[in-house]
Amino acid sequence: MKNKEPFGKELTKVQRVELDACTQCGECLKHCPVQQVTGRPEVSPPEKIRLFRKLIHETDSLKSKIFGEGDIDPKLFQDLTNALYECTVCGACGQSCPVGLFNQRLWPVLRKEMVKRGLGPIGPQANMQKVVQETGNPYNEAPEKRYSPWFPEGVKLVEKSEIAYYAGCTGAYCAQPMVRGDVLVMNKIGEPFTMLPPEDEVCCGFPLFITGQHDMLKDLTERLVNAYEERGVKTLVCSCPCCVNIMARDWPIFYGKELPFKIRHITQFVDDSLKSGRLKIKKGLKERVIYHDPCYLSRGVGIIEEPRSILKHIPDIELLEFDRHGVDSRCCGSGGAARKVFSDNAIAMGRLTIDEAVEKKADKLVLGCPACYEKVNEALEGHDKQIKIIDIMELVAGLI
Ligand code: SF4
Ligand code: SF4
């Protein structure tokens, strides 16, 4: 296969250096959840980097400029595409890398390079852009049903407010107890808040970003930012770590300037309310709970203490920790939009999380991400170890 456009054009200078800096030491293999469940080095971080470097060499080296590109073995494209899309983009490899590669950001850019050439995305991901265009969400769900049947009865929203809540597609369609819990807790705090009409609360863009499909990102960002600005919003609260990640890190880039409001994760908002006394947890819970850090919350935006602080506000609770927690958290298997394509991997990773929670004798496994919630619950089905899975706000909502 010939490919006229040189590889590596989407990379920043730092990312070009990062590719060169990988020593192929293999340290990251010990931390990669895909390696843990597949044991296949051909989908490992150093192998992806080795193949990508080869493509840069074939298409953008001095030799290629003087003598022209040779025919590139189609297997090289295929192998790299598969390896890039089997990854959950959890970032554990970068976290453990002695060279300090920022892989949570590097892999999506390499995926973008594959998309540019029609090599990615793969499986159902390939249809995602069209689906988001038509429905506003990546799940092909009816936009008018976005807030049903989970939106709690009796909760009154206001038209304009300094505080807005964004449910997000995965929460609204795939993890409804989680977003219901968010709204119940926000309502209990008592500060008026607004939400967009269901048809206007479109996708934040993360699933497109992470699969390398960037065409719609500017448009989605502008639609949402302008809609919240019109409502006078100063703080946008959201519980999905992936939404928070793209809103905080990338929306200002797609929007072209600083956002007119702050992005707060629900655990930050609720922790502030508990500390200021605006919210009180009245009932105790005499149980051992274990909290799983979502990759895009802990490694992604450094929100680690707030969920733990909320849990510690619950009288009588005992908080346990996974061996890998905080920035070292192990992916639950749902990340990188890989869970729909490589479902067996995702189930196997989810079961590692369940197994450790059960081994540590936790009564409840507490999650804080809708993708984790959906997939770990699926992993629980038919598994020989069982535990009660609950979202952090679902838990808090039952105790206030
Ligand atoms: S991002 Fe996660 S799944 Fe992907 S290669 Fe790195 S450690 Fe493995
Ligand atoms: S740990 Fe870092 S330097 Fe070593 S192989 Fe992995 S990505 Fe490359």
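Note that the structure is a prediction, hence the values are computed from the model and not measured.

### Considering the overall build of the protein
- Helix and strand counts for the protein stand at 20 helices and 7 strands.
- In summary, the protein has a C-alpha radius of gyration of 22 Å against a globular reference of 21 Å for 400 residues, a match within 12%.
- For the C-alpha atoms alone, the extent of the protein along its principal axes is close to 75 × 50 × 35 Å.
- Residues counted as buried form 46% of the 400 residues belonging to the protein.
- Long-range pairs, those at least 24 residues apart, make up 80% of the contacts in the protein with a sequence separation of at least 6.

### Section: the domain arrangement of the protein
- Here the protein is described as being made up of domain 1 (13–120), domain 2 (125–271) and domain 3 (278–397).
- Taken over C-alpha atoms, the centre of domain 2 sits 22 Å from the centre of domain 3.
- Listed per partner, the contact involves 31 residues of domain 2 and 27 residues of domain 3.
- No other element matches the 8 residues that helix H10 (residues 176–189) contributes to the side of domain 2 that touches domain 3.
- In the side of domain 2 that touches domain 3, the residues fall into 16 nonpolar, 12 polar and 3 charged.

### Some points on the site of ligand 2
- Close to ligand 2 lie 14 residues, the nearest being Cys-22, Cys-25, Cys-28, Pro-46 and Cys-97.
- When its residues are assigned to classes, the shell around ligand 2 shows 10 nonpolar, 3 polar and 1 charged.

Criteria and thresholds
The numbering scheme is per chain: residues are counted from 1 as the chain's sequence reads. Whichever chain is written first becomes A and whichever ligand is written first becomes 1, with later ones labelled in order. Where local features are concerned, this predicted model is filtered to residues with pLDDT of at least 70; where side-chain atom pairs are given and counted, the filter is 80 or more; whole-chain, interface and lining totals use all residues. In DSSP terms, a helix is any run of H or I states spanning at least four residues, a strand is any run of E spanning at least two, and both are numbered starting from the N terminus. Radius of gyration: over C-alpha atoms. The globule rule applied is 2.2 Å multiplied by the number of residues raised to the 0.38 power. Field definition: a residue is buried when 20 or more other C-beta atoms are found within 10 Å of its C-beta, exposed when 12 or fewer are, and partly exposed for counts in between, with C-beta atoms placed from the backbone. Throughout, a pair of residues is in contact if the C-beta atoms placed from their backbones lie within 7 Å. Either an automatic procedure or a domain database provided the assignment from which the domain bounds are taken. Asp, Glu, Lys and Arg are counted as charged, while Ala, Val, Leu, Ile, Met, Phe, Trp, Tyr, Cys and Pro are counted as nonpolar; the rest, among them Gly, fall into the polar class. To decide nearness, the C-beta atom of each residue is placed from the backbone, and the residue is near a molecule or strand if that atom lies within 6 Å of it.

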